[in-house]
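An overview of the molecular structure
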Amino acid sequence: MKPDMFETPVSILTGLGIPMQVLSVTHAHQLLQEWPMLERDPAYAVAVKACKAAMAGMIDAETARSIFVAFAERHELLAPEVSMAVIGRSRRRSDPHLR
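Residue numbering note: each chain is counted from 1, following its sequence as written. In keeping with the model being predicted, local features are shown solely for residues with a pLDDT of at least 70 and side-chain atom pairs are shown and tallied solely at 80 or more, while totals for entire chains, interfaces and linings include all residues. Values reported for side chains reflect all heavy atoms of the structure, with hydrogen atoms and water molecules removed beforehand.

1. Comments concerning the overall build of the chain
Going along the chain from the N terminus, every DSSP run of H or I of four or more residues is numbered as a helix, and every run of E of two or more is numbered as a strand. Assigned secondary structure in the chain consists of 4 helices and 2 strands. Start at the N end of the chain and walk to the C end: the helices and strands fall as β-β-α-α-α-α. Summary of the burial criterion: residues with accessible area below 20% of their type's maximum are buried, those above 50% are exposed, and those between are partly exposed, where the area comes from a 1.4 Å probe applied to protein chains only. Here the chain holds 99 residues, and 30% of them are scored as buried. Put simply, 45% of the contacts in the chain that link residues at least 6 apart link residues at least 24 apart. The protein chains shown are the only cover counted for residues, whose accessible areas, like all others here, come from Shrake-Rupley with a 1.4 Å probe. When the accessible surface of the chain is split by element, carbon and sulfur atoms take 59% of a total near 7,000 Å². In this analysis, two residues are considered to be in contact whenever any of their non-hydrogen atoms come within 4.5 Å of each other.

2. Regarding unusual backbone geometry
Here Glu76, not a glycine, exhibits a phi torsion of approximately 55°, which is positive. Mapped onto the elements, Glu76 comes out in the loop between helix H3 (61-74) and helix H4 (84-94). A residue is classified by how much of its surface remains accessible, and Glu76, at 71% relative accessible area, is exposed.

3. Concerning the environment of Pro42
Within the element layout of this structure, Pro42 appears in helix H2 (residues 42-55). According to the relative accessible area criterion, Pro42 is exposed, its value standing at 65%. Each C-alpha atom, one on Pro42 and one on Phe71, is 9.4 Å from the other, the two residues being 29 residues apart in sequence.

4. Quick notes on the packing of helix H1 (residues 25-33) against H2
Note on geometry: axes are C-alpha line fits, over the in-contact stretch for helices, and angles between N-to-C directions span 0 to 180 degrees. The interhelical angle for the contact between H1 and H2, taken along N-to-C directions, is 145°, at an axis separation of 9 Å. Crossing geometry of H1 relative to H2 is assigned as left-handed. Residues Val25, Thr26, Ala28, His29, Leu32 and Gln33 of H1 form the contact with H2, whose own contacting residues are Tyr44, Ala47, Val48, Cys51, Lys52, Ala54 and Met55. Residue polarity is assigned by list, with Asp, Glu, Lys and Arg as charged and Ala, Val, Leu, Ile, Met, Phe, Trp, Tyr, Cys and Pro as nonpolar; anything else, Gly included, falls into the polar class. By residue class, the composition of the contact of H1 with H2 is 9 nonpolar, 3 polar and 1 charged. Throughout, a crossing is termed right-handed when the near helix is turned clockwise from the far one, and left-handed when it is turned anticlockwise from it by less than a right angle.

5. With respect to the side chain of Ser24
One can find Ser24 in strand S2 (residues 18-24). The term polar contact refers here to a pair of N or O atoms within 3.5 Å; inside protein, the definition further demands a hydrogen-donor-capable atom paired with an acceptor-capable atom, and it admits residues adjacent in sequence only when both atoms are side-chain atoms. For Ser24, the side chain forms a polar contact with the main-chain nitrogen of His27, separated by 3.1 Å.

As C-alpha cells, then:
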C-alpha cells in the first residue's frame, strides 16, 4: 500500500450529494485545492497543512485523514454511513425472490 493511502476511505458528499470515496492524502489535498476561496476557513488551512505534511513524510496518512475528517464534519461533507444490515434488510423487502 502506498504511504499516502488511507486505511479506511473517507466517504464524502460532493456537488449534487453524490458520495465519493477519498482514498489518499493526495486525493484529499486535491479536493481541498478545489474548495471555494471564500469558504476557506481555519479548518481548511489546518487540513491543507496536514495533507502537505503527510505528503512530505512529516506525519502519517492516518493523522492527515483524521484532520480531513474533522474538516469534512465541520462543513457537513461526510456521507452518512449505511449499515450492511440495513442494506440487506431493504434488499430482501424489495426483491420478491429473497422472501
